[in-house]
Amino acid sequence: GLQIYLATGEIKTWAEINWMDVAGEGGSAVLSLVWLIMLLHSRPAGRVTRLLALGLSCVFFSWWMDTLDEFIHLPEQAIWDNWLETAPMPIGLLLLTLGIYHLNQEQRAISQQMSKREKLFREHRLFDKLTPLGAAEYLRQQLQRALAQAHEQAQPLSLVVVDIDDFNAINQRYGQAEGDAVLQAMAQLLLLNLRRQDLLCRLAGDRFVAVLPNTGEAQARLIAGELQQAVTSLAHRTEQQGERLYIHASTAAVMAIDENAEQLLKRLNLCLAKAKQRLPRCA
Ligand SMILES: Nc1nc2c(ncn2[C@@H]2O[C@H](COP(=O)(O)OP(=O)(O)OP(=O)(O)O)[C@@H](O)[C@H]2O)c(=O)[nH]1
């Protein structure tokens with residue numbers, strides 16, 4: 001635009017310049033350029049950004065051309081400058097309107113997502129930070145509920161615990177972050193190997209507990225064995241060197257008799273301790 005004006009017109013003298021118009025039109029041009037820069041800096045690429053940026057570019061161009069004719073005098077017969085000044089403005093405003101419409105749609109979708117997430121967080125305050133599983137307190141609450149239900153329906157209820165052997169050594173050898181990755185992989189693996197009605201929680205550190213409704217002791221032992229096998233065949237590779245980690249876990253299973261959640265968990269931990277005692281130890 002500047003080049004076309006310079007090629008066809010003459011620069012006005014100082015006295016000919018209307019500074020009021022320069023401030024009004026030039027200020028608007030500068031502001032629209034600032035908006036454009038801010039927009040491009042703050043938004044990710046995409047349709048909404050493209051529409052808003054194109055719209056603001058047209059608005060800027062229109063005001064910029066308007067400002068230029070305050071400094072450059074064009075020949076009387078030139079009419080194209082009118083087009084350059086006015087035509088981009090409605091096009092820009094149209095594009096901005098379209099952009100704002102899509103921005104509104106986008107905001108609605110984001111708000112919906114946020115409210116869903118907020119609900120999730122509100123409901124899942126008791127969830128573990130590392131894995132997508134309920135933590136100890138959640139397990140206790142759910143177990144108490146499941147025990148009451150099992151009692152009401154006269155159905156058996158069992159628990160299975162899976163505890164990684166020598167997990168401390170993984171942390172020490174590969175670092176805490178790799179230990180975290182193993183716990184996350186374990187959570188996914190155990191979830192994959194459980195049934196829909198089972199509830200898996202992370203009791204503490206490397207200890208996972210599954211609540212198995214309508215399950216007797218024999219079936220719970222079978223499930224415990226399957227989970228142990230699944231862990232043994234887990235092909236976890238370290239993030240740094242891609243080295244294969246061989247993970248083993250101890251398991252135990254108990255069926256609820258007339259006891260509360262705390263007593264049942266205590267019995268489960270005792271059974272696990274017995275299973276751990278049978279492990280060959282290096283040191
Ligand atoms: N990376 C990681 N480590 C954890 C986390 N929570 C607990 N730990 C570690 O897990 C380890 C558990 O140690 P132990 O209870 O002795 O278990 P272990 O080393 O598997 O020993 P055994 O169970 O007797 O085979 C400790 O070193 C804790 O620091 C966690 O969220 N991330």
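Residues numbered from 1 in each chain as written. Predicted model: local features only at pLDDT ≥ 70, side-chain atom pairs only at ≥ 80, totals over all residues.

Trainee: So what's going on with the overall build of the chain? Which residues, and what values?
Mentor: Along its length, the chain carries 10 helices and eight strands. Once local pairs closer than 6 in sequence are excluded, the contacts in the chain between residues at least 24 apart make up 72%. (Helix = DSSP H or I, 4+ residues; strand = E, 2+ residues; numbered from the N terminus. Contact = placed C-beta atoms within 7 Å.)

Trainee: I'd like a description of the packing of helix H2 (residues 19-42) against helix H3 (residues 47-68), backed by residues and values.
Mentor: Here H2 crosses H3 at 160°, and the two axes come no closer than 8 Å. Put simply, H2 runs roughly antiparallel to H3. Between H2 and H3 lies a crossing of left-handed hand. Contact residues: H2 offers Val22, Glu25, Gly26, Ser28, Ala29, Ser32, Leu33, Trp35, Leu36, Leu39 and Leu40, while H3 offers Thr49, Leu52, Ala53, Leu56, Ser57, Val59, Phe60, Trp63, Trp64, Asp66 and Thr67. Split by residue class, the contact of H2 with H3 holds 14 nonpolar, six polar and two charged. (Axes fitted to C-alpha atoms, helices over the stretch in contact; angles between N-to-C directions. Parallel < 35°, antiparallel > 145°, perpendicular 65-115°, else oblique. Left-handed = near helix turned anticlockwise from the far one by under 90°. Nonpolar A, V, L, I, M, F, W, Y, C, P; charged D, E, K, R; others polar.)

Trainee: With reference to specific residues and values, describe the site of the ligand.
Mentor: Around the ligand lies a shell of 15 residues, among which Asp165, Phe167, Asn168, Gly179 and Gly205 are the nearest. Looking at the shell around the ligand, the elements with two or more residues in it are strand S3 (157-164), helix H7 (167-174) and helix H8 (176-192). Ranked by residue count, the leading element in the shell around the ligand is H8, at four residues. Of the residues that constitute the shell around the ligand, the class distribution is four nonpolar, five polar and six charged. (Near = placed C-beta within 6 Å.)

Trainee: Describe the sheet that holds strand S4 (residues 199-204), with residues and values.
Mentor: Spatially, the four strands line up as an open sheet ordered S4-S5-S3-S8, and their pairing is antiparallel. The strands lining the two open edges of the sheet, one partner per strand, are S4 and strand S8 (249-255). Along the sheet, successive strands turn relative to each other by an average axial angle of 20°, direction set aside. With five bridges joining them, S4 and strand S5 (residues 207-213) adopt antiparallel strand pairing. If you follow Cys201 over to S5, its bridge partner there is Val209. The strands touched by helix H9 (residues 217-232) are S3, S5 and S8; relative to S8, the strand with the most contacts, the crossing angle is about 165°. Against the sheet, helix H10 (residues 261-277) contacts S3 and S8, and its axis sits at roughly 140° relative to S8. (Pairing = 2+ DSSP bridges.)

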